[in-house]
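# Survey of secondary and tertiary structure
Take a look at the letters that make up each chain.
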Amino acid sequence: MAHNFRTDLAIDWCPGCGDFGILTSIQQSMAELNYDPLEVVMVSGIGCSGKTPHYVNVAGVHTLHGRAIPFATGIKLSNPNLKVLVTGGDGDLMGIGAGHLVAEGRRNSGLTIMIYDNEVYGLTKGQAAPTMPLGEKTKSLSRPNVFTRLNPISLALSAGYSFVARGFSFDMKQLKEIIKKAMSHPGSAVIDVLQPCPTYNNINTMEWYKERVYKMEDDKSWNPVITQDNLKNADEIYAKSMARAQEWGDKIPTGIFYENRALEPFTQRIARNVPNYLTTVPAEQIISTEDGYSVVDGNKTFEDKVIG
Amino acid sequence: MTQVDINITVGGPQGGGIDTSSNMISRAFAQSGYFVFGVREYHSNIKGRHSYTHVRIKEERPRSLKYPVDFLVALDPDSIFEHLEDVGQGTKVIYDSAIEKAELSSARMIMRDTATRIKDALTEESYPNTILGAVEWMKKRGAKPISVPFNNVVQNAISGGVPSRYFNTLGAALTLAISGIELKYMEESIRLVFSGKESIVDENIAVVKAAYDYCKSNGLIERQLPFHEHKQKFLLTGNDGAAIGKMMGGLRMQTYYPITPASDESTIMESHNYIKWVDTEAKKMKDAGIVVVQTEDEIAAITMAIGAAITGTRSSTATSGPGFSLMAEAFSFAGTDEVPLVVTLYQRGGPSTGLPTRNGQSDLLFALNTGHGEFPRIVMSSGDVEECIYDSINAMNYAQRYQMPVIHLIDKNLANTSDFIDTIEQKKVKVNGMKFEKHGLNFKRYNLDTENGISNLGAFGKDIFWMTGDEHDELGHVTEDTEVRDRMMVKRFKKVETADLEIPMDEKAQLLGHKDADITFVTWGSQKGPILDVIDLLAEEGIKANLLYVKMMNPFPTKFVADVLKKARITIDVESNFLGQLAELVMLKTGIKIENKILKYNGRHMTEDEILSASREIINNKENKIEKVLKHGA
């Protein structure tokens, strides 16, 4: 029987929250990818998005505010056989956790990172998140926002992510396909997911988004994929993706902005320095002999320290 | 057997080959069958500021350093000024005659306040503020200056190039010649130190020969030290010891963010990650290695290590005070989520950036209280290089056995101590790595139905369960239920009791020296060695002393410590901090106040002579409630 990727917990997000669409898209993509549930791990930070792993029937860790990415990286690097999906809010991943988001772009460990982008910190009553534009005043703010807006797509591209996409929580069909592609991608992926916060963000509502979003894939000439075969065009493709990332306002593009299949994942870079890393992964190594002593020969491993 | 006991300080500018010079000396003595023990002192600086090594050579393994030194080898003017106070009767001060006229005021790399103190010392006795003045000041205290024309000696020996590049070799060779080491051992030492760089071996050996000739023709060689048959040994630092122990203890992923004095541990692991396996089943994975990851910050270092632990990988991070401060929140997560995690905490002088390259033991109370909320942890400490190895294996074991974070405290002095170890004992400490079985769906990772608080450890990849920083139920889902909360708190703390019952007393506290003593020292960390030496010296004076040496601060060996202290007559707490943090812990746990204290917080290591004289002062004082602050050290 197929694995049920849902848990039996009561879900406590607000009615009308975009998180429901994201959750369903995650569960459906895992089912359609036919994943062995033991091979998938979910990692989240703090906030409404942080609750997601508890609702998905795979191993999950609900970590600290902003730190989902390094937790996830540790899981991935110690057992590269695992597929690791990170969920976090815009404040979680681009406010308190921005440094980790950038560092992971440089690593390209093979994580799929979903940014729940609703422009507010929901669970703490609607403060402005890094994606909120300058001067915007949602009903939860007592004064208009005094920060400029951070663009998650161009940030992800600058940081070096090899897969960058945007979805919309009310278009589960498209979002599910993006997640499936991202999770099958060997490097790290960022998916910016537009979603309303019906309780605290009265500006960027479902209707607001629906009037603006359009799918880049509807234009058949849009092809942001880099492979070994078209490496010579890599800079040009990257520049086009970056230009596309700047579109915002009346028209908001969704779909895949950038997909670089030629960039070597971090795990393979490690494998060049650590022998048999990918075949004998750290989590599977034997560490003691049958009588319980270390398998590491201290004298031989450190024989260069011998003197006299 | 002659009683060889030589203390040597080699000083020069950071980046000027001081380590190499000291290494040549250590290796030459090792070739002749002597034991060498030493420390490195350096500024937070890449090039130029004063740096030095202090080594002690004996026929038996030395455990401490001693002032005044027998040799002060100055490779630059700063080294004469900086070590003014380190010389005494018979100290041979070797320096370049070309620097004799150098003025203190032009030694710009000496810290301003230090220069002022040196100036005051010289001026008070009407010596000029020059090298010559300083040398005269030293002569008055019994030192024997040996002024050598460095440039001439080197220039006549080498075929070309810049003579000053060989001053470090020259300084080492002069020291060895004068102390009576045969030329052939020094030559061997040069070959070892420069192995793989054959082109410079010949030039350096030429400099060594010239140095020996110089000493001979100037009548500087007074004796020949006998050769002792010996076995090969490891020359290891505390950083090396911890790296070796953790790798033997099953560590397969280490994360770190660069910080002094912790990073050396991680780089040593990285350079030795092609593990050589013992002849077992493990050989099947003959080329597997360990992963060392440099992270974007310390928060990432600890959370990545936690991530690795979650998959069943033994993992760890190494840091120092500022880094561990950043790790506090995640450390609390590891506590409540029962993550087997080892943090090797290298203490340096704090607070804040403090004395970034100097010694300190001021993070004990921090280690006992890191993180918000109440959760179990193990806090343990090592006092010498050998302990660093085996304690690190134990740290990895405890973390997995008791499913809690372990803090392993090592002070900077120990991290940078070089010591001789006969062999790395493969069977001294068991590792007992657990085999993770597949439990599959809905695994009760936090099963409450346990006697000892220890639930079955699961691993992501084999089991489905959840983890959260929130209070959680047996599956790991968030709960705010009052009863589950209470039971989880009790279960988690039960593990500390279990650890306390299972861990042998020897790993927690030891009473070293006479059972029935007049003086009882209490210490932890790197003062262990010098105190044991002081106990031997006091015995020669007819004073019986012992040492209550504490290795584990949580769970704390309360009864053992209380029993020792209740019987003790004169108690002396010895620590490298301001508050006497171990004494405070002892007070908290046992209600017993340690009456006397010997403290040092200027960032320099404690030496045998300093502790001895402070102890005498305490012993001779009838009142017997003295807090003595040690001040020595360049």
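Conventions we followed
Residues numbered from 1 in each chain as written. Chains lettered and ligands numbered in written order. Predicted model: local features only at pLDDT ≥ 70, side-chain atom pairs only at ≥ 80, totals over all residues. Helix = DSSP H or I, 4+ residues; strand = E, 2+ residues; numbered from the N terminus. Rg over C-alpha atoms; globule rule 2.2 N^0.38 Å. Buried ≥ 20, exposed ≤ 12 C-beta atoms within 10 Å, placed from the backbone. Contact = placed C-beta atoms within 7 Å. Domains from an automatic or database assignment. Nonpolar A, V, L, I, M, F, W, Y, C, P; charged D, E, K, R; others polar. Pairing = 2+ DSSP bridges. Axes fitted to C-alpha atoms, helices over the stretch in contact; angles between N-to-C directions. Parallel < 35°, antiparallel > 145°, perpendicular 65-115°, else oblique. Left-handed = near helix turned anticlockwise from the far one by under 90°. Core = buried A, V, L, I, M, F, W, Y, C linked by C-beta atoms within 7 Å.

Our next topic: the overall build of chain A. Helix and strand content of chain A: 10 helices and 12 strands. Relative to the 2.2 N^0.38 estimate, which gives 19 Å for 308 residues, the radius of gyration of chain A is 21 Å and therefore close to what a compact globule would have. With respect to the principal axes defined by its C-alpha atoms, chain A has extents near 75 × 50 × 50 Å. In chain A, buried positions account for 54% of the 308 residues. Contacts spanning at least 24 positions in sequence make up 69% of the contacts within chain A whose residues lie at least 6 apart.

A common measure of how large an interface is: the accessible area buried when the components associate. All names here are of chain B. Assigned domains within chain B: domain 1 (5-217), domain 2 (235-428), domain 3 (435-503) and domain 4 (506-629). A straight line from the C-alpha centre of domain 2 to that of domain 3 covers 24 Å. Taken residue by residue, the interface counts 14 residues in domain 2 and 14 residues in domain 3. Where the side of domain 2 that touches domain 3 is concerned, the elements lending two or more residues are helix 12 (321-336) and helix 14 (385-402). When the residues that make up the side of domain 2 that touches domain 3 are grouped by side-chain class, the tally is 8 nonpolar, 4 polar and 2 charged.

Right, let's get into the sheet that holds strand 23 (residues 627-629) of chain B. Strand pairing in a sheet takes place through backbone hydrogen bonds and is either antiparallel or parallel in direction. Residue and element names in this part refer to chain B. One open sheet accounts for 6 strands, arranged 17-19-18-21-22-23; its pairing is mixed. Edge positions in the open sheet fall to strand 17 (509-513) and strand 23, since each of these has one partner strand only. Averaged over all pairs of adjacent strands, the angle between their axes in this sheet comes to 20 degrees, without regard to strand direction. Sheet analysis places strand 21 (residues 570-575) next to strand 22 (residues 596-599), joined by 4 bridges and oriented parallel. Residue D573 lies in a different strand from strand 22, and its bridge partner there is K597.

Let us look at unusual backbone geometry. Residue and element names in this part refer to chain B. In this structure, the amide linkage connecting Y67 to the following residue, P68, adopts the cis form with an omega of -5 degrees. For E338, which is not glycine, the phi torsion reads 60 degrees and is therefore positive. Topologically, E338 is positioned in the loop between helix 12 and strand 11 (341-349). Exposure remark for E338: the 25 C-beta atoms within 10 Å place this residue in the buried category. The backbone of S352 sits at a positive phi, close to 50 degrees, despite the residue not being glycine.

Residue and element names in this part refer to chain B. Across the interface, helix 7 (residues 183-193) lies against helix 8 (residues 198-217) with an axial gap of 10 Å and an inter-helix angle of 155 degrees. Considering the angle they form, helix 7 stands roughly antiparallel to helix 8. In this structure, helix 7 meets helix 8 at a crossing whose hand is right-handed. Residues L183, M186, E187, I190 and R191 of helix 7 form the contact with helix 8, whose participating residues are V201, N204, I205, V208 and Y212. Looking at the contact of helix 7 with helix 8 residue by residue, the class counts come to 7 nonpolar, 1 polar and 2 charged.

This part covers the nonpolar core. The biggest cluster of nonpolar side chains holds 259 residues, and the ones touching the most others in it are B:A173, B:A211 and B:I306. Among all residues touching B:A211, those that are not within four sequence positions of it are B:V153, B:L170, B:A173, B:L174 and B:A177. Residues A:V120, A:A128, A:C197 and A:Y200 belong to the second largest nonpolar core, which totals 7 residues.

Turning next to the interface of chain A and chain B. Between chain A and chain B, the contact holds 56 residues from the first and 74 residues from the second. Of all the elements in the fold, those that place two or more residues in the side of chain A that touches chain B are strand 2 (59-62), helix 2 (68-78), helix 4 (98-107), helix 10 (298-301) and strand 12 (306-307) of chain A. Counting residues per element, the side of chain A that touches chain B draws most heavily on helix 2 of chain A, at 8 residues. Along the lines of polarity and charge, the residues of the side of chain A that touches chain B split into 30 nonpolar, 22 polar and 4 charged.

Our focus in this paragraph is the environment of A:Y200. Residues and elements named next belong to chain A. In this fold, Y200 is placed in the loop between strand 8 (189-194) and helix 7 (206-212). Assessed through the 21 C-beta atoms surrounding it within 10 Å, Y200 is described here as buried. Counting along the chain gives 113 residues from Y200 to T87, while the straight-line C-alpha distance between them is 20 Å. Setting aside residues no more than four positions away along its own chain, Y200 makes contact with V120, G122, K125, G126, T138 and S140.

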